[in-house]
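Analysis of the macromolecular model
Spelled out from the first residue to the last, the chains are:
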Amino acid sequence: MTEMMAGDGLYDIAIIGGGVVGCAVFRACVLAGARTVLLEKGGDLLEGASKANSAILHTGFDATPDTLEAACVQRGYALYREICADMNLSVVKTGAMVVAWTDEDLAQFPKIIEKAVRNGVTVRRLDAREVREREPALADDVRGAVLVEGEHLIDPWSAPMAYARQALLNGGTLIRQARVENGVRREGAWHLDLAGKPAIQARTVINCAGNYGDLVEAIARPSPFQITPRKGQFVVFDKTAYDLFRTIILPVPTALTKGVVVTRTVFGNVLVGPTAEPQQEREFPTVDHDNLEALRKAAFRIIPALREHDVTTTYAGLRPATQFSDYQIEALKTEGWITVGGIRSTGLTGALGIAEHVVALYRDTFADPAPLRDVTLPQMPNLVEELPRPWMLPERGPIACHCERVTEKEIKTALTDEVLPAGTLGGLRRRTRCMMGRCQGFYCTRRVMELAETHLPGLVTPIRGSQRGDGRDV
């Protein structure tokens, strides 16, 4: 099954929101046997909160015990480890250290260890000598650390793309540019009005709308939670810094945030962030000089040698925080509705666990379809530096993006994929990493546009009138 037009009969389930959680729920519902449609308001998946995060597969060692978030994160962690090899998804074991720099930090270690034990995660306390032996590049005044061996790095975009792709390969339906404007429930089914498209009908709606979760929830009821997006800014150092360290470096957390993380990425960079800034803007996260400079200084404080390496880019993401500390997931039997709200920074790890929980709610509350047999598995292209990539092959053909070593063949494949082709330039970048390297597209943008212009309408416009130039205005 591939992408379909709206108005295609009555579905068992309509999912609103194509972020990482929506994609995971989409996969779980289809594999459970429900006729399911995923509605995404953007031109491609992962256009909202899920396009920016720290790309870490968490053990859940620091989650609040006995919460729904802790249960979903731990289950999601286990499920990802189970399926990643079958889908050719990356997982790079690095471990993490919660590092103490002061007596006050050291005083928090017993609580951190106790919480990890209650969450069933094995951790180990290291003294200053052991920390320096593991990571010599850390600043000399490190006082100790709590080591969490089970933390991993993953590709934050290929994973949710794989979930959606498996759903499509097994009979699911995706409609992009499908913003839900309103809905009414009559005769046991929801009639959802889509902007500029025919209405969709479904017996059950699952709200996975992320930063718009409370606004979508108002279709079914006055929302019991309010989204206050929490902005996180990040600084990305050049690949030259990659070999400075391997372990994810975490601070001792506070009540508001887990603090500034210094970590490698699976793409060969070093990432520093995020900030934690509550705001009202839901769509466009911005970066600012003062916070980025504070992140840079924090990075230098932790790993002084980072001063010798360039920053190649910065970015920011918005996480759908609510007034509650736990996930807001609930089935409303009378309304034919399942709420999946308040999924913050742990959503990437927790997505598969959330999806499993949501399907259990669906079976207990609404219907119990027969699970699919002979399920088709997707095979995702590898973008991870530690594994072989297409540019290494003799038959690779021309390279379009030399910073990230992306071949023209990879770009053409992402644009012409029969199941889930790139729908936007951002979607193309997330599928291939073109234009995401050291030059940030300065050298490769023209060639990428030439390859993409017939597949992404409106991407390239001709220069008109008195505008100068002999090519195209991108």
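So, here is what we can say about the structure in this document. These numbers come from a predicted model, not from an experiment.

What counts and how
Residues numbered from 1 in each chain as written. Predicted model: local features only at pLDDT ≥ 70, side-chain atom pairs only at ≥ 80, totals over all residues. Heavy atoms only, no water. Buried < 20%, exposed > 50% of the residue type's maximum accessible area, 1.4 Å probe, protein only. Helix = DSSP H or I, 4+ residues; strand = E, 2+ residues; numbered from the N terminus. Pairing = 2+ DSSP bridges. Contact = heavy atoms within 4.5 Å. Disulfide = S-S within 2.5 Å.

Now for the pairing of strand 2 (residues 36-39). Residue alternation in strand 2 divides its side chains into two sets, T36 and L38 and V37 and L39, and both sets are buried. Bridging between strand 2 and strand 9 (residues 173-175) involves three bridges; their strand directions are parallel. Within strand 9, the residue paired with V37 across the bridge is T173.

Attention now goes to the environment of L292. Mapped onto the elements, L292 comes out in helix 8 (residues 289-302). With residues up to four places along the chain from it excluded, the contact list for L292 reads Q233, F234, V235, V287 and T314.

Quick look at the state of the cysteines now. One pass over the full model with this rule turns up zero disulfides. No disulfide involves C434; its sulfur sits 6.3 Å from that of C444, the nearest cysteine. Summary of cysteine pairing: C444 is not part of a disulfide, and the nearest cysteine sulfur, belonging to C401, is at 4.1 Å. The exposure class assigned to C444 is buried, which follows from its relative accessible area of 3%.

Hydrogen bonds between backbone atoms are what pair the strands of a sheet, whose relative direction is either parallel or antiparallel. The strand order 3-8-4 describes an open sheet built from three strands, whose pairing is antiparallel. Edge positions in the sheet fall to strand 3 (56-57) and strand 4 (92-93), since each of these pairs with one other strand and no more. Sheet analysis places strand 3 next to strand 8 (residues 152-153), joined by two bridges and oriented antiparallel. Note on strand 8: the bridge partner recorded for I56 is L153.

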